[in-house]
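Structural overview
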Amino acid sequence: DDNRRNNPKRMLLSLAYQLAQKFPQYREELNNMIDIGTLKEDTIEKDNLNSLFNELLQVPLGRLEMDSSEKYVILIDALDECETKGKNDILLCIQRHFLKLPSWLYVYVTSRPEVPVVEKLKRFSPKRIEPTEEENTRDLTLFYQQVLEQASDKLIHSLVPSKAVETLVNKSGGLFIYATFLADVIRRSDSITQELVDQFPDNLDGYYEEQFDRICASDSECLEWEISKLVVSAAEPLHVEVIQSFL
């Protein structure tokens, strides 16, 4: 549990900093607020979330003179992972306040389809992306094509790139996290053959199982396995210090 990951004030301050780096006019607005004393550390601590959002983002961003054709996007990744002790204050902040942002500033949020997240954000008409969707499969295909192109000097002549890409896409099961693992193996390989590609595990579970077999091949009670058992059986995330105390 890291309370900083579920602190909406910290998120708003981080967004303000990043926006100030991008837009000099917005940075000037914040500097003016600091100069006249309306934006101070103790004020930020005392302000409620609604006041802070208005003072830090809504009002100064609303003063910016932006070309109507310009669009900018804020990316917030893994929103579901911001939950702490059953609460997700960042989710509530987005639900209640982000519609007040100017029309030229968009927010792109990613999350697993957890029920609380979907319910809170349904007013934004969220789109669910399935791993097997055609667009996702197309993205994976482009990803693997690029990986093989970058490693073209390692390709064996008998390898048919299109067949290798098709095999890799099928093995990935629509998951980019697995695709990145396979891409790392390809980049580290001295040569790339169809046999190498065919030997990759068929899905992410198979990959994890293979790694555990490799790490714990000589010792079924190895340190990595003991740590894994602790993490899996714990009722909540464990700090490193807690894990060390059990070992």
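Presented here is a report on the structure given in the accompanying data block. (Residues numbered from 1 in each chain as written. Predicted model: local features only at pLDDT ≥ 70, side-chain atom pairs only at ≥ 80, totals over all residues. Heavy atoms only, no water.)

Attention now goes to the environment of T180. Structurally, the position occupied by T180 is in helix α9 (residues 176-188). Taking relative accessible area as the criterion, T180 reaches 33% and is therefore assigned partly exposed. Along the primary structure T180 and L56 are separated by 124 residues, whereas in three dimensions their C-alpha atoms are 37 Å apart. (Helix = DSSP H or I, 4+ residues; strand = E, 2+ residues; numbered from the N terminus. Buried < 20%, exposed > 50% of the residue type's maximum accessible area, 1.4 Å probe, protein only.)

Glancing now at the pattern of salt bridges. In the structure shown here, the tally under the stated rule is ten salt bridges. A salt bridge links R112 to E114; its shortest N-O distance comes to 4.0 Å. Since its relative accessible area comes to 48%, R112 is described here as partly exposed. Residue E114 is classed as partly exposed on the basis of its relative accessible area of 37%. The shortest N-O distance in the salt bridge between R128 and E130 comes to 3.0 Å. Overlapping salt bridges, with partners in common, bring together D80, R112 and E114 in one network. (Salt bridge = Lys/Arg side-chain N within 4 Å of Asp/Glu carboxyl O.)

Attention now goes to unusual backbone geometry. Backbone geometry places A78, a non-glycine residue, at a positive phi of 55 degrees. Here the phi dihedral of S125 falls at roughly 55 degrees; this positive angle occurs in a residue that is not glycine. Within the secondary structure layout, S125 lies in the loop between α6 (115-120) and α7 (134-150).

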